[in-house]
Protein chains: 2
Amino acid sequence: MRGDGARDEDRVVIRPSPLNAETPESALPDEITPAGRHFVRTHFGIPLLDRGRHRIAVDGAVRERLELELGELSRLPGRSVALTLECAGNDRLSFTPLPTGELWGGGAVGTAVWGGVPLREVLSRAGLAPGAREVVVEGADAGPAEEGEGTIHFARALPVKKALDPDTLLALEMNGAPIPREHGAPARLIVPGWYGMASVKWVTRITVLTEPFRGYFQRDRYVYDYGAGGTPEPVAEIRVKAAITAPRDGDQVPVGPVLVCGWAWSGAAPVSAVEVAADGGDTWDEARMLPASSRYRWQRWEYAWEVRSPGRHTLRVRARDDAGRTQPDAPRWNRLGYGANGVRTIVVTAR
Amino acid sequence: MRGDGARDEDRVVIRPSPLNAETPESALPDEITPAGRHFVRTHFGIPLLDRGRHRIAVDGAVRERLELELGELSRLPGRSVALTLECAGNDRLSFTPLPTGELWGGGAVGTAVWGGVPLREVLSRAGLAPGAREVVVEGADAGPAEEGEGTIHFARALPVKKALDPDTLLALEMNGAPIPREHGAPARLIVPGWYGMASVKWVTRITVLTEPFRGYFQRDRYVYDYGAGGTPEPVAEIRVKAAITAPRDGDQVPVGPVLVCGWAWSGAAPVSAVEVAADGGDTWDEARMLPASSRYRWQRWEYAWEVRSPGRHTLRVRARDDAGRTQPDAPRWNRLGYGANGVRTIVVTAR
């Protein structure tokens, strides 16, 4: 991570207003990221919602419209999921040329335990009407549209199938405590395996549509725009990636054995392997994978690196998943800079 | 520059043996780099040559073979040239994927005043024979060939025209003192506008050829190998490049005006402009160029950057030369990792 400067509440602030802040490098080795150090991505001011009066509307193509209080929600069958959430713009700094957008290094990723109610429990109570196709979740966060006029709310859609996934939650808790304000209090969506934009915060409304959603954050932002006249496609599943947590880029290390370790994750399928190449070239060794503790949570890997000489050395790391996806040498460039998962490189000096 | 670790004599050691060491970031703002901080690139052990007994042979396609003592050399008409020397592998770390080779960051560049005798003075005393095509300069540095058997010396060829350039020197002095041992004492070639491999150190022999030179460092190393079956071409002129000396990557800066400055250079032609883009996107502002003090020496540029908000910011810088050459967004990948001149990016945090 570069530009590791201004800090606020143990995070690295990329932009103070609206607040966008990374998990600091020092917290990346934590298997569960503390809420105060977990990255925060906001598009507008952070809403302050009254837990006692908060209501979540369920409407659109449903058999019965609902208006849920938090008390009602918390009486539905609960579930908790430990999951790795990554911002779609994480590692934007690794794109060449640099796209516009928030200047995320590699810290817009973290893992937390989210507790709440499966969205399917709510949807089954409302009842999906025939032709239900997408579920749009809207947050209380709103502001002026960047292009055009008027005020827009943050909102994203899921296909009905993903909305009914038992691990897609309407979450009320983060790491065993009420969700902190900046993470979406009192209720946020949690969509396992998808980039963070799908996990809508400050949820106020759930609308079932029979047509594709055309909201700003669905069609104009959080889309892969590869140029060349192709139709941009909405960003969805988290791409396979490995991060190195030790040693850190720029560290000094001894000559001899150095334990290299980090995390690997993929939204599409479990990670199957992590490979490591020292000092350039194309010789890749397999790292040791520690057993996966659950499906949507990053998985630890370790590699015993034998540093044979003093001086500068580089290490590159890449992951592969069960669906056969791998990391490209350089992230695939797109106009808005999403989904960067190029092979990670660190440079260390041995003495 | 990353991996800024082991230091030796005020340089950043990339590899201790054979010695390869960068100019540290702290010395890059110096218009003239002190000899002790100027980068050193060696391929074998550093020769220790006796000034009193040293001889330089001139042979091959010449009318008269010569054997020159240093005393004789220093009585020929002298000249000094201030020039920026850059290793062909400088910024190799900016290639994706990382090629094999010495792991240079951005410090394999420096500017020094070289004093000595134009090579043309020596060649005119020997007299070029008809058909003279290339001038091969050989150093005392030698070692086992990486591929194949036997011992090889470092040697590189110049076209006769470049060898006869009045600024191509057989140098005896660096920054007004005898050349230090690691920089090629007692005599080295200095080839203005060409990457450092042409400026052969510890010169022992100058041979005029009527055929293209086929030495290891001419045909197997220091060639651009772009793959795809093309014939590799020898590395020659320094590509256009701008470096940022302040602020440094990762620095904290105030909100408000920040003076950004650095150097720009090009082997092919004088630098005509330096442009700056803040925070991604494609809006380029022109930096102010300070007057060039001589043709082959890096030129200072400055840019008054108005940092408008706290948080993370990036700055990209690129140079253009009078021959119309510009810097690519990413360096053009080649198998051995030479000539990296991708647009420079720094990340800073304002508070």
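Calculation notes
Sequence positions are assigned chain by chain, starting from 1 and proceeding in written order. Numbering of ligands from 1 and lettering of chains from A proceed in the order in which they are written. Selection of residues for local features in this predicted model requires a pLDDT of at least 70, selection of side-chain atom pairs for listing and counting requires 80 or more, and totals for whole chains, interfaces and linings are taken over all residues. Based on all heavy atoms of the structure, the side-chain values leave hydrogens and waters out of the count. Only DSSP runs of H or I reaching four residues or more are called helices, and only runs of E reaching two or more are called strands; each is numbered from the N terminus. Both definitions apply: the radius of gyration is a C-alpha atom measure, and the globule rule equals 2.2 Å times residues to the power 0.38. Accessibility here uses a 1.4 Å probe with only protein chains present; expressed as a share of the type maximum, an area under 20% marks a residue as buried, one over 50% as exposed, and anything in between as partly exposed. A contact between two residues is defined here by any heavy atoms of the two lying within 4.5 Å. His is not counted, nor are the chain ends; Lys and Arg add positive charge and Asp and Glu add negative charge. Think of each charge as sitting on NZ of Lys, CZ of Arg, CG of Asp or CD of Glu. When two parts are put together, the accessible area they lose, computed with a 1.4 Å probe and summed over both, is reported as buried area. When a carboxyl oxygen of Asp or Glu is within 4 Å of a side-chain nitrogen of Lys or Arg, the pair counts as a salt bridge. Any N or O atom pair separated by 3.5 Å or less is treated as a polar contact, with the protein-specific requirement of one donor-capable and one acceptor-capable atom, and with residues adjacent in sequence counted only for side-chain atom pairs. Three categories are distinguished: nonpolar for Ala, Val, Leu, Ile, Met, Phe, Trp, Tyr, Cys and Pro, charged for Asp, Glu, Lys and Arg, and polar for the others, with Gly belonging to the last. When we speak of the arc, we mean the arc of directions from the helix axis to the C-beta atoms. Copies are brought into register by a least-squares superposition over C-alpha atoms of residues with pLDDT of at least 70 in both. DSSP bridges decide pairing: two strands pair if at least two such bridges lie between them. Angles shown run from 0 to 180 degrees and are taken between the N-to-C directions of axes, each axis being a line fitted to C-alpha atoms and, for helices, limited to the stretch in contact. Any Phe, Tyr or Trp ring, taking Trp's six-membered ring, that has another such ring centre within 6.5 Å forms a pair; planes under 30 degrees apart are called stacked, those over 60 apart edge-to-face, and the others tilted. Confidence of the predictor in every single residue is expressed as pLDDT, which spans 0 to 100. Among buried residues, those of type Ala, Val, Leu, Ile, Met, Phe, Trp, Tyr and Cys that are joined through side-chain atoms within 4.5 Å constitute a nonpolar core.

Peer 1: I tried to follow the overall build of chain A on my own but got confused; where do I start?
Peer 2: When you go through chain A residue by residue, the secondary structure sums to four helices and 25 strands. A globule of 351 residues ought to have a C-alpha radius of gyration of about 20 Å, and chain A, at 21 Å, matches this closely. Looking at chain A residue by residue over its 351 residues, the buried ones come to 57%. In chain A, of all internal contacts separated by at least 6 residues, the share reaching a separation of at least 24 is 70%. In chain A, which carries 44 positive and 45 negative side-chain charges, the distance between the mean positions of the two groups comes to 1 Å.

Peer 1: Even after reading the chapter, I still don't get the interface of chain A and chain B, so can you show me in this structure?
Peer 2: Interface size is commonly expressed as the accessible surface area that is lost when the partners come together. Residue-level contacts link 41 residues of chain A with 41 residues of chain B. Overall, the association of chain A and chain B removes approximately 2900 Å² of surface from exposure, summing both partners, and the carbon and sulfur fraction of that is 58%. Where Glu22(A) meets Arg312(B), a salt bridge forms, and the shortest distance between an N and an O atom there is 3.1 Å. Remark: the boundary between chain A and chain B carries six residue pairs in polar contact (both at pLDDT 80 or more). Breaking the side of chain A that touches chain B down by element, the ones donating at least two residues are strand E2 (11-15), strand E24 (311-321) and strand E25 (344-350) of chain A. Class assignment of the residues belonging to the side of chain A that touches chain B gives a composition of 16 nonpolar, 14 polar and eleven charged.

Peer 1: What exactly am I supposed to notice about helix H2 (residues 119-126) of chain B here?
Peer 2: Think of an α-helix as turning once every 3.6 residues; residues three or four places apart then point the same way. Residues of H2(B) that are buried include every one of Leu119(B), Val122(B), Leu123(B) and Ala126(B), and no others. The arc that holds every buried residue of H2(B), seen down its axis, measures 95°, which confines them to one face.

Peer 1: Help me understand the relation of the copies chain A and chain B in this model?
Peer 2: Superposition of the two copies of the chain requires a rotation about an axis together with a shift along that axis. Placing chain A over chain B gives an RMSD of 0.0 Å and needs a rotation angle of 180°, together with 0.0 Å of translation along the axis. Expressed as an axis order, the relation between the two copies is that of a two-fold axis. An overlap of 100% is found between the interface residues of chain A and their copies at the interface of chain B, pointing to a shared contact surface.

Peer 1: It is not clear to me how the sheet that holds strand E10 (residues 151-159) of chain A should be interpreted in this structure. Could you clarify?
Peer 2: Strand pairing in a sheet relies on backbone hydrogen bonds, with the paired strands running either antiparallel or parallel. Residue and element names in this part refer to chain A. The five strands are arranged E6-E5-E14-E9-E10 in an open sheet whose pairing can be described as mixed. For this open sheet the edge positions go to strand E6 (66-69) and E10, each flanked by a neighbour on one side alone. Strand-to-strand twist across the sheet, computed as the mean angle between neighbouring axes with direction ignored, equals 25°.

Peer 1: I keep staring at the packing of aromatic side chains and nothing clicks. Help me out?
Peer 2: Any aromatic ring pair is given by two values, namely how distant the centres are and how the planes are angled relative to each other. Residue and element names in this part refer to chain B. Applying the stated criterion across every chain, the model contains 18 aromatic pairs over all chains. Summarising the aromatic geometry, the rings of Phe39 and Trp104 are spaced 6.4 Å apart at their centres and angled 80° between planes, so their arrangement reads as edge-to-face. Of this pair, Phe39 sits in the loop between strand E3 (20-22) and strand E4 (40-41) while Trp104 is found in the loop between strand E7 (79-86) and strand E8 (109-118), placing the two residues 65 residues apart along the sequence. On the numbers, 4.9 Å between centres and 5° between planes, the contact of Trp263 with Trp298 is stacked. Of this pair, Trp263 sits in strand E19 (residues 256-265) while Trp298 sits in the loop between strand E22 (288-289) and strand E23 (299-307); the two residues are 35 residues apart in sequence, bridging distant segments of the chain. Taking the relative accessible area as the measure of exposure, Trp263 reaches 4% and is therefore buried.

Peer 1: Looking at this structure, how should I read the confidence of the model for chain A?
Peer 2: Regions with low pLDDT should not have their predicted coordinates read in detail. All names here are of chain A. Across chain A, pLDDT averages 94, with 97% of residues at or above 70. With pLDDT under 50 throughout, residues 1-8 is counted as low confidence; its partners more than four residues away or in other chains account for 39 contacts. For this predicted complex, the interface confidence comes out at an ipTM of 0.86, alongside a pTM of 0.91.

Peer 1: What should I look at first to understand the nonpolar core in this one?
Peer 2: Burial of nonpolar side chains together is a common tendency in soluble globular proteins. The biggest cluster of nonpolar side chains holds 53 residues, and the ones touching the most others in it are Leu73(B), Val135(B), Met197(B) and Ile206(B). Element by element, the count of residues in this core is highest for H2(B), at four residues. In this structure, Met197(B) is in contact with Ala88(B), Phe154(B), Arg156(B), Tyr222(B), Val235(B) and Ala236(B), ignoring residues within four places of it in sequence. Counting 52 residues, the second-largest nonpolar core is a separate cluster that includes Phe44(A), Phe154(A), Ile206(A) and Phe217(A).

Peer 1: Can you walk me through the pairing of E19(B) in this structure?
Peer 2: Within a regular beta strand, the side chains point alternately toward one face of the sheet and then the other, so they alternate between its two faces. All names here are of chain B. The element E19 is extensively covered by neighbouring structure, given that eight of its ten residues are classed as buried. Of the pairings in the sheet, the one linking strand E17 (residues 241-246) to E19 comprises five bridges and is antiparallel in character. Bridged to Ala243 within E19 is Trp263. Inspection of the sheet shows E19 paired to E23 by nine bridges, in the antiparallel sense. Its bridge partner being in E23, Cys261 is matched across the sheet by Glu302.

Peer 1: Which parts of the structure should I look at to understand the sheet that holds strand E21 (residues 285-286) of chain B?
Peer 2: The mixed open sheet is built from five strands, whose spatial order is E18-E25-E24-E20-E21 (chain B). In the strand order of this sheet, the two ends are held by strand E18 (252-253) and E21 of chain B, each with one partner.

Peer 1: Explain the pattern of salt bridges here, please?
Peer 2: Should the charged atoms of two oppositely charged side chains come close, the side chains can pair. Counted by the stated rule, this structure contains 36 salt bridges over all chains. Between Arg205(B) and Asp59(B) there is a salt bridge, with its nearest N and O atoms 3.0 Å apart. Separated by 146 residues along the polypeptide, Arg205(B) in strand E14 (residues 203-209) and Asp59(B) in strand E5 (residues 55-60) bring together distant segments of the chain. Here Arg205(B) falls in the partly exposed class, since its relative accessible area comes to 35%. Ionic pairing is found between Arg344(B) and Asp91(B), a salt bridge with its closest N-O pair at 3.0 Å. With Arg344(B) in strand E25 (residues 344-350) and Asp91(B) in the loop between E7 and E8, this pair connects stretches of sequence that are 253 residues apart. In this structure, a network of salt bridges that share partners links the residues Glu86(A), Asp91(A), Lys241(A) and Arg344(A).

Peer 1: Explain the side chain of Gln299(A) to me, please; I cannot follow it from the model alone.
Peer 2: Residue and element names in this part refer to chain A. Note that Gln299 resides in strand E23 (residues 299-307). Here Gln299 falls in the buried class, since its relative accessible area comes to 11%. The residues contacting Gln299, other than those within four sequence positions of it, are Gly262, Trp263, Ala264, Val271, Met289, Leu290, Pro291 and Ala292.

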